[in-house]
Amino acid sequence: MKILAIETSCDETAAAVVEDGRIVHSNVVATQIELHRRFGGVFPEVASRQHVLAIQPVIAQALGEAGASVRSMDAIAVTHGPGLVGSLLVGVNVAKGLAFAANRPLLAVNHLEGHIYSNWLDAPGRPQGRPTENFPVIVLIVSGGHTELIEMRGHGCYRRLGGTLDDAAGEAFDKVARLLDLGFPGGPAIQQAAVGGDPTAFDLPRALRHDPAHRFDFSFSGLKTAMLNLTRRLADQHEDLRNPRLLADLAASFQQAVADVLVEKTIIAAQVASARQVCICGGVSANRCLRTTAEDRLRALEVQLYIPPFVYCTDNAAMIGAAAYYNWLKRNSAGDGMTIDVHASLPLTEMTEPLAA
C-alpha cells in the first residue's frame, strides 16, 4: 500500500511517499528556520503563509523522487493535529483537494502518532532495526511542543502516562538558548555549545524526580528559572558569559539535567509496565546527550532502545505515512472522508485498560 503523506503542523512543509508503513520512497522537507530565526521562535502567521507557497513544489518533488503520481497512490494522508491551526489548514485543504481529484481515500493522522511511528520506518545505518510486536512499548515523545510518556499496548492502542506540567523540553531548550544568546533553534545551538563542557559543572534541579504524585510527569520551568538565576549570579561575579569554556559548562549542565529526568522517568514507566522495549521520538530525540544517557542506562536494564535516525526525529511526512498505514490496517476502512477538520490540541486516543500498579 503506497501513501502520499503531507505534514504541515508547525514550520516544516513536508511530503513523502511511503509503502506499507515502513519503506520510504521519498521524504521532502522544506524548512522555515531562517524565516523564524529573527523572531527567536515560530511566528504562526508567517508559518502558514510560507506553507501556502511551499506545499505544491514539495508535493511535486516527493512524487517525482518516488517516480509516482497522485493517481498511483492508494491513499492520501495528512496531519490534522495537534499543531498551529493556520499551518494545519494548509495541509488538510490541499490533501482534501488531491484526494477528491484522484478519488482516493483521505486519512487523518495525529502528529504525535506520526512521531511514534517514525521508529517503524526502515532506514540505513540503523543497527537496532525497528521495534518488534512485543508489546507493551514505552514511548517518550519529546519535542518543541510536547513532552509525553505513552504506554503503547498495540498498534494504535495508547495510554498517556504523563507529560509536562509547563514547558516542553524543546521549548526549554529554545528559551535557555535565548538566555545564553545562542540563537534559534535552541536544541542544536545548545548541543554545539556544550561540546567539551562539563555536565557536572553546575548543580541544576531535576524537578519531580522523587514526587510519587507525578512520577510520570515533567516540569522544566524550574530548570529554566535556575539557569536564569545562575547566569545573573555569574554576571554579578563579573564572569564573562561569552567565555567559550564557561558557556560550554553551562550548556552541558543544562542538557544533562534535561536528559537525566527524561530518561529516569522513562525507565520507571518501563519497569512499571514490564516493557522490554522503549522508543524515544520527536525533535529532541536528535540530542546526542539524551541519546547517550538513554543508551547507557537502558542497556544496563537489558531494555531495547529505539530512536529514529536524525532525519526522522524532526517533523517530516514519512512518519505520517507510517502512522496512516497502521491506522488503515486497524480500522480496515475507506478513510476519514472530506469532513475532517484541524485540531490544535488533538490528543492521542487512549485505551481503557489501566496500567499495572
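Here we summarise the structure given alongside this text.

**Description of the packing of aromatic side chains**
If you walk through the whole model with that rule in mind, you get five aromatic pairs. Between Tyr117 and Tyr326, the ring centres sit 4.8 Å apart and the planes meet at 15 degrees, which makes this aromatic pair stacked. Separated by 209 residues along the polypeptide, Tyr117 in helix α4 (residues 111-117) and Tyr326 in helix α11 (residues 318-331) bring together distant segments of the chain. Its relative accessible area of 12% is what places Tyr326 among the buried residues. Grouping aromatic residues by their ring pairs yields a cluster made of Tyr117, Trp120, Tyr325 and Tyr326. Seen from the ring of Phe310, Arg291 lies directly overhead, with NZ or CZ sitting 4.3 Å from the centre.

**With respect to the state of the cysteines**
Summed over the entire model, instances satisfying the criterion amount to zero disulfides. The thiol sulfur of Cys281 is not disulfide-bonded, and the nearest other cysteine sulfur, from Cys279, lies at 7.0 Å. In this structure Cys289 is a free cysteine whose sulfur lies 15 Å from that of Cys313, the closest cysteine sulfur available.

**A few points about the sheet that holds strand β6 (residues 137-142)**
The mixed open sheet is built from five strands, whose spatial order is β8-β7-β6-β9-β10. Of all strands in the sheet, those bounded by a partner on one side alone are β8 (157-163) and β10 (304-306). For this sheet the average axis-to-axis angle between neighbouring strands, irrespective of direction, equals 20 degrees. The pairing of β6 with strand β9 (residues 277-281) spans five bridges and is classified as parallel. The partner of Ile141 across the bridge, within β9, is Cys281. In the packing of helix α8 (residues 244-273) onto the sheet, contacts are made with β6, β7 (147-154), β8 and β9, and the angle to β6 comes to roughly 155 degrees.

**Focus on helix α7 (residues 221-236)**
Helix length check: α7 (16 residues) gives 23 Å between terminal C-alpha atoms against 22 Å at 1.5 Å per residue, within 8%. Along α7, the residues that are buried comprise Leu223, Ala226, Met227, Leu230, Thr231 and Leu234. Looking straight down α7, one finds its buried side chains confined to an arc of 130 degrees; they lie on one side. Structural note: α7 exposes Arg232 and Asp236 on the side pointing more than 90 degrees away from its buried face. Turning to α7, the residues buried within the fold contact α5 (169-179) and α8. Just past α7, the residue His238 takes up positive phi, approximately 65 degrees.

**Some words on the pattern of salt bridges**
Tallied over the full model, the rule gives 16 salt bridges. Across the pair Asp122 and Arg130 runs a salt bridge, and its minimum N-O distance is 3.1 Å. Given the relative accessible area of 31%, Asp122 is considered partly exposed. For Arg130, a relative accessible area of 28% translates into the label partly exposed. For the salt bridge of Arg206 with Asp260, the shortest nitrogen-to-oxygen distance reads 2.7 Å. Highlighted residues: Arg206 in the loop between α6 (186-193) and α7 and Asp260 in helix α8, separated in sequence by 54 residues. Take Arg206: its relative accessible area is 18%, and that puts it in the buried class. Beyond isolated ion pairs, a larger network of salt bridges with shared partners links Arg206, Arg209, Asp260, Glu264 and Arg297.

**Comments concerning the packing of α8 against helix α9 (residues 288-300)**
Two elements in contact, α8 and α9, have axes separated by 9 Å at closest approach and are oriented at 40 degrees. As the angle between them shows, α8 and α9 are arranged oblique. In the crossing of α8 with α9, the sense of the turn from one axis to the other is right-handed. On the side of α8, the interface is formed by Gln255, Gln256, Ala259, Asp260, Leu262, Val263, Glu264 and Ile267, while α9 contributes Cys289, Leu290, Thr293, Ala294, Arg297 and Leu298.

**Quick word on the pairing of strand β2 (residues 12-19)**
Summarising burial for β2: seven of the eight residues are buried, a large majority. Strand direction decides the pairing type here: strand β1 (residues 2-7) and β2, joined by six bridges, are antiparallel. By the bridge assignment for β2, Leu4 is matched with Val17. Where β1 folds back on β2, the antiparallel hairpin that results is connected by four residues. Sheet analysis places β2 next to strand β3 (residues 23-31), joined by eight bridges and oriented antiparallel. Its bridge partner lying in β3, Glu19 is registered against Ile23. Here β2 hands over to β3 after three residues, with Asp20 in that stretch at a positive phi of 55 degrees.

Reading guide: rules and limits
Positions within a chain are numbered from 1, following the residues in the order the chain's sequence is written. pLDDT decides what is reported in this predicted model: residues at 70 or higher carry local features, side-chain atom pairs at 80 or more are listed and counted, and totals for whole chains, interfaces and linings draw on all residues regardless. For the side-chain quantities, the full set of heavy atoms in the structure was used; hydrogens and water were omitted. Note on ring pairs: Phe, Tyr and Trp rings are taken, using the six-membered ring of Trp, and paired if centres are within 6.5 Å. Classes follow the plane angle, with under 30 degrees stacked, over 60 edge-to-face and the rest tilted. Starting at the N terminus, helices and strands are each numbered in turn, a helix being any DSSP run of H or I of at least four residues and a strand any DSSP run of E of at least two. Only protein chains enter the area calculation, which uses a 1.4 Å probe; residues under 20% of their type maximum are buried, those over 50% are exposed, and those in between are partly exposed. Definition used: whenever NZ (Lys) or CZ (Arg) falls within 6 Å of the ring centre and also within 35 degrees of the ring normal, the charge is taken to sit over that ring. The disulfide criterion is simple: two cysteine sulfur atoms within 2.5 Å. Note: two strands are recorded as paired if DSSP finds a minimum of 2 bridges between them. Comment: axis = line fitted to C-alpha atoms, over the contacting stretch for helices; angle = value between 0 and 180 degrees taken between N-to-C directions. Should any heavy atoms of two residues lie within 4.5 Å, those residues are considered in contact. Take the residue count of a helix, subtract one, and multiply by 1.5 Å to get its expected span. For this quantity, the arc is that covered by the directions from the helix axis to the C-beta atoms. The salt bridge definition used is simple: a Lys or Arg side-chain nitrogen within 4 Å of an Asp or Glu carboxyl oxygen. Under this scheme an angle from 65 to 115 degrees is roughly perpendicular, one under 35 degrees roughly parallel, and one over 145 degrees roughly antiparallel; angles in between are oblique. Handedness of each helix crossing follows the sense of rotation of the near helix against the far helix: counterclockwise by less than a right angle gives left-handed, clockwise gives right-handed.

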